[in-house]
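Descriptive structure summary
The residues making up each chain are set out below.
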Amino acid sequence: MLDFDTAQEHLAQAATAPTRKETCSLEEAQGRVLATALSAQVDLPPADNSAMDGYAIRLADYEAGTTLPIQQRCFAGEPPEPLKPGHTIRLFTGSLMPEGADTVVMQEDTTETDNAIVINTPPVAGAHVRKKGEDVEKEQELLQPGTVLGPAQIGLLASQGIHQVEVWARLKVGILTTGDELVSPGQALGPAQLYNSNGAMLAALVAKLGATVVHQLHATDTHESIESAFKTLLQDCDLVLTVGGVSVGEKDLVKPTIELLGGKLDLWKVAMKPGKPVALAQAQGTPIVCLPGNPVSAFVVCALLVSPLIRAMQGRTETRPRVMYGRLRSNRQFNETREEFLRVQTKSNNNGELSLVPYELQGSAIISSLPWASGLARIPANTVVKDEDIVRYYAFADWLV
Ligand SMILES: Nc1nc2c(c(=O)[nH]1)N[C@H]1C(S)=C(S)[C@@H](COP(=O)(O)OP(=O)(O)OC[C@H]3O[C@@H](n4cnc5c(N)ncnc54)[C@H](O)[C@@H]3O)O[C@H]1N2
Ligand code: MOO
């Protein structure tokens, strides 16, 4: 059996780099992956300006108790006059610094009467002046290709006057569910039938990762049905995810059908619980990942093993999100041959440490554990792990974006 880290690496290695670029406006850029490097077009701020509502002075003009006549009231967006010796110019936050002025005095530190001020607190040289280019210098590198654009990056680009960006086209993902026992949500449930939850769940996971679900197909457990679905998926998608029918049962026909289509298949048993059977195949130049059918197994494998592959295929630089640590709270003692990924909720204890509290039922079909959990606690294999031990924690908030 492969260990989890090796399986994660194998899947990430199957990624093909994106090739299709497109231009999008900043309004459409949220969550998109930058395809080309961007550098600064202007200095930020573009000119020295005031950080406070106050008065611009030449520090050399200051003497305790001196009255400085107000030469001009200069609002943000207006050009200031050069500062005359022995004068002050009234400024507001964002007003440009007048030529000759070097310091801003906050209005709270002054008394204004008859269009003149007295400064009540000795000013500090250069105080409250925002210098040209102190934030961003023209031509400096702004963002690297592979950056995911979020509100912070979009704000930075807008501050540079950039209104459209070159991004990688959205990754096209196809989903294939299999199984004679499954019916679509919204239809009547017959005897011995089960609702197809994996289809909708995987489609939502793929969308959350910023890719497009081009097809969500279902095949019955026959070669013909599976083959016909694969033909559509391989034609239209960059990546295909199948779920179920990948184990050792007589109707587990996904793998033989991929081989029938000329695909090359690599099946592993991964030493993780949930999520043992996982296959990676290549057919007609397209990677296919076959996920185990149990809903929790499919979710966990998609979150931890498939998401780095998807991120790499999207052209993202960061493909493996952070792993945190927390203190396990459990009555159960662990010492398994497979690593276990427990659905847990986190609680902060008094030291600011995370406590990881597992859901009571941890079976791989216990779908109610998924909306309850905030992430997964990783329990190492062949190690005694017990209450209060520190273990790794994968937050869904980090791994499902
Ligand atoms: N003899 C063995 N049996 C099994 C093994 C094994 O090693 N030897 N592995 C077990 C493990 S672990 C898992 S996980 C499952 C994986 O089996 P498959 O990937 O072939 O999945 P299926 O048999 O098709 O389905 C498993 C389970 O999940 C339900 N399912 C499948 N698809 C969906 C769906 N779209 N929506 C909702 N539920 C779904 C299905 O009805 C089954 O209950 O194999 C074990 N067996
Ligand atoms: O993938 Mo299976 O979940 O270990 O039941």
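About the criteria used
- Residues numbered from 1 in each chain as written.
- Chains lettered and ligands numbered in written order.
- Predicted model: local features only at pLDDT ≥ 70, side-chain atom pairs only at ≥ 80, totals over all residues.
- Heavy atoms only, no water.
- Helix = DSSP H or I, 4+ residues; strand = E, 2+ residues; numbered from the N terminus.
- Rg over C-alpha atoms; globule rule 2.2 N^0.38 Å.
- Buried < 20%, exposed > 50% of the residue type's maximum accessible area, 1.4 Å probe, protein only.
- Contact = heavy atoms within 4.5 Å.
- Areas by Shrake-Rupley, 256 points an atom, 1.4 Å probe, with all protein chains shown as cover.
- Lys, Arg positive; Asp, Glu negative; His and termini not counted.
- Charge placed at Lys NZ, Arg CZ, Asp CG, Glu CD.
- Phe/Tyr/Trp six-rings, centres within 6.5 Å; stacked < 30°, edge-to-face > 60°.
- Axes fitted to C-alpha atoms, helices over the stretch in contact; angles between N-to-C directions.
- Parallel < 35°, antiparallel > 145°, perpendicular 65-115°, else oblique.
- Left-handed = near helix turned anticlockwise from the far one by under 90°.
- Nonpolar A, V, L, I, M, F, W, Y, C, P; charged D, E, K, R; others polar.
- Near = heavy atom within 4 Å.
- Polar contact = N/O pair within 3.5 Å; in protein donor to acceptor, adjacent residues only side chain to side chain.
- Core = buried A, V, L, I, M, F, W, Y, C linked by side-chain atoms within 4.5 Å.
- Domains from an automatic or database assignment.
- Salt bridge = Lys/Arg side-chain N within 4 Å of Asp/Glu carboxyl O.
- Pairing = 2+ DSSP bridges.

1. Observations regarding the overall build of the protein
Broken down by element type, the protein carries 8 helices and 26 strands. Compactness check: the protein gives a C-alpha radius of gyration of 30 Å against a globular reference of 21 Å for 401 residues, more than 25% above the reference. When the backbone C-alpha atoms are referred to their principal axes, the protein occupies close to 95 × 50 × 40 Å. Among the 401 residues that make up the protein, the fraction classed as buried is 47%. When contacts within the protein are restricted to residue pairs at least 6 apart in sequence, long-range pairs at least 24 apart make up 70% of them. Approximately 18,800 Å² of the protein is accessible, and the part contributed by carbon and sulfur atoms is 51%. On the protein, the mean spot of the 34 positive side-chain charges and the mean spot of the 46 negative ones are 7 Å from each other.

2. Observations regarding the packing of aromatic side chains
Counted according to the given criterion, the structure contains 7 aromatic pairs. Centre to centre, the rings of phenylalanine 75 and phenylalanine 92 are 4.3 Å apart; their planes meet at 5 degrees, and the pair counts as stacked. Here phenylalanine 75 is found in the loop between β5 (67-74) and β6 (88-91), whereas its partner phenylalanine 92 is found in the loop between β6 and β7 (103-106), with 17 residues between them in sequence. The exposure class assigned to phenylalanine 92 is buried, which follows from its relative accessible area of 17%. Geometrically, the ring pair formed by tyrosine 394 and tryptophan 399 is tilted, given 5.2 Å between the ring centres and 55 degrees between the ring planes. Judged by relative accessible area, which is 4%, tyrosine 394 ranks as buried.

3. What about the packing of helix α3 (residues 198-208) against helix α6 (residues 295-313)?
It is the contact of α3 with α6, at a shortest axis distance of 10 Å, that shows an interaxial angle of 15 degrees. In terms of axis orientation, α3 runs roughly parallel to α6. Where α3 crosses over α6, the two elements pack in a sense that is right-handed. In contact with Asn198, Met201, Leu202 and Leu205 of α3, α6 contributes Pro295, Ala298, Phe299 and Cys302. By residue class, the composition of the contact of α3 with α6 is 7 nonpolar, 1 polar and no charged.

4. Some details on the site of ligand 1
Not every one of the 22 residues close to ligand 1 is listed here, only the nearest: Glu181, Asn196, Val246, Ser247 and Gly293. Note that an oxygen atom of ligand 1 is positioned 2.9 Å from one of the backbone N or O atoms of glycine 245. One of the backbone N or O atoms of asparagine 294 is found 3.3 Å from an oxygen atom in ligand 1. Within the complex, the protein chains bury 71% of what would otherwise be the 870 Å² of accessible surface of ligand 1. Elements supplying a minimum of two residues to the shell around ligand 1: β15 (194-195) and α6. Taken together, the residues that form the shell around ligand 1 break down as 8 nonpolar, 10 polar and 4 charged.

5. Concerning the site of ligand 2
In the vicinity of ligand 2, the contacting residues are Pro274, Gly275, Lys276, Pro277, Asn294, Ser297, Arg338 and Ser364. Contact between ligand 2 and glycine 275: an oxygen atom at 2.6 Å from a main-chain N or O atom of the residue. For ligand 2, an oxygen atom lies 3.0 Å from a polar atom in the side chain of arginine 338. Classifying every residue of the shell around ligand 2 by side-chain character gives 2 nonpolar, 4 polar and 2 charged.

6. Description of the nonpolar core
Ranked by internal contacts, the top residues of the largest apolar core, which has 45 residues, are Leu239, Val289 and Leu304. At the level of secondary structure, the elements contributing two or more residues to this core comprise α1 (4-13), β13 (172-178), α3, β17 (239-243), β20 (277-283), β21 (286-291), α6 and α8 (396-399). Among the elements that make up this core, the one with the highest residue count is α6 (13 residues). Residues from two domains meet in this core; each of domain 1 (4-19 + 170-313) and domain 4 (324-399) gives at least three. Excluding its chain neighbours within four sequence positions, the residues that come into contact with leucine 239 are Leu171, Lys172, Val173, Gly174, Thr286, Pro287, Val289, Leu309, Ile310 and Met313.

7. Quick look at the pattern of salt bridges
Following the criterion strictly, the structure yields 17 salt bridges and no others. Between lysine 132 and aspartate 43 there is a salt bridge whose closest N-O contact spans 3.9 Å. Of this pair, lysine 132 sits in the loop between β10 (129-130) and β11 (141-143) while aspartate 43 sits in the loop between β2 (38-39) and β3 (49-50), and the two are 89 residues apart along the sequence. Between aspartate 389 and lysine 386 there is a salt bridge, with its nearest N and O atoms 3.5 Å apart. Connected through shared salt-bridge partners, Asp5, Glu339 and Arg378 make up one network.

8. Some words on the pairing of strand β26 (residues 390-395)
Bridge analysis of strand β22 (residues 324-328) against β26 gives 4 bridges, and the strand direction is antiparallel. Counterpart to tyrosine 325 in the pairing with β26 is arginine 392. Summarising the sheet, strand β25 (residues 375-379) and β26 pair through 4 bridges and their orientation is antiparallel. Residue pairing in the sheet places leucine 376 in a bridge with tyrosine 394 of β26.

9. Quick word on the sheet that holds β21
Taken in spatial order, the 6 strands line up as β16-β13-β17-β21-β20-β18 in an open sheet, and their pairing is mixed. Two strands bound the open sheet, and with one partner strand each, they are β16 (212-219) and β18 (264-269). Averaged over all pairs of adjacent strands, the angle between strand axes in this sheet comes to 15 degrees, irrespective of strand direction. Strand direction decides the pairing type here: β17 and β21, joined by 4 bridges, are parallel. Residue valine 243 lies in a different strand from β21, and its bridge partner there is leucine 291. Lying over the sheet, α1 contacts β18, β20 and β21, oriented at roughly 160 degrees with respect to β18. Contacts from helix α4 (residues 223-236) reach β13, β16, β17, β20 and β21 within the one sheet, and its direction differs from that of β16 by about 170 degrees.

10. Some thoughts on α3
Taken as a whole, α3 has its buried residues at Asn198, Gly199, Met201, Leu202, Ala203, Leu205 and Val206. Close packing links the buried residues of α3 with β13, β16, β17, β21, α6 and α7 (369-372). Positive phi appears at glycine 210, one or two residues downstream of α3, with a value of about 90 degrees.

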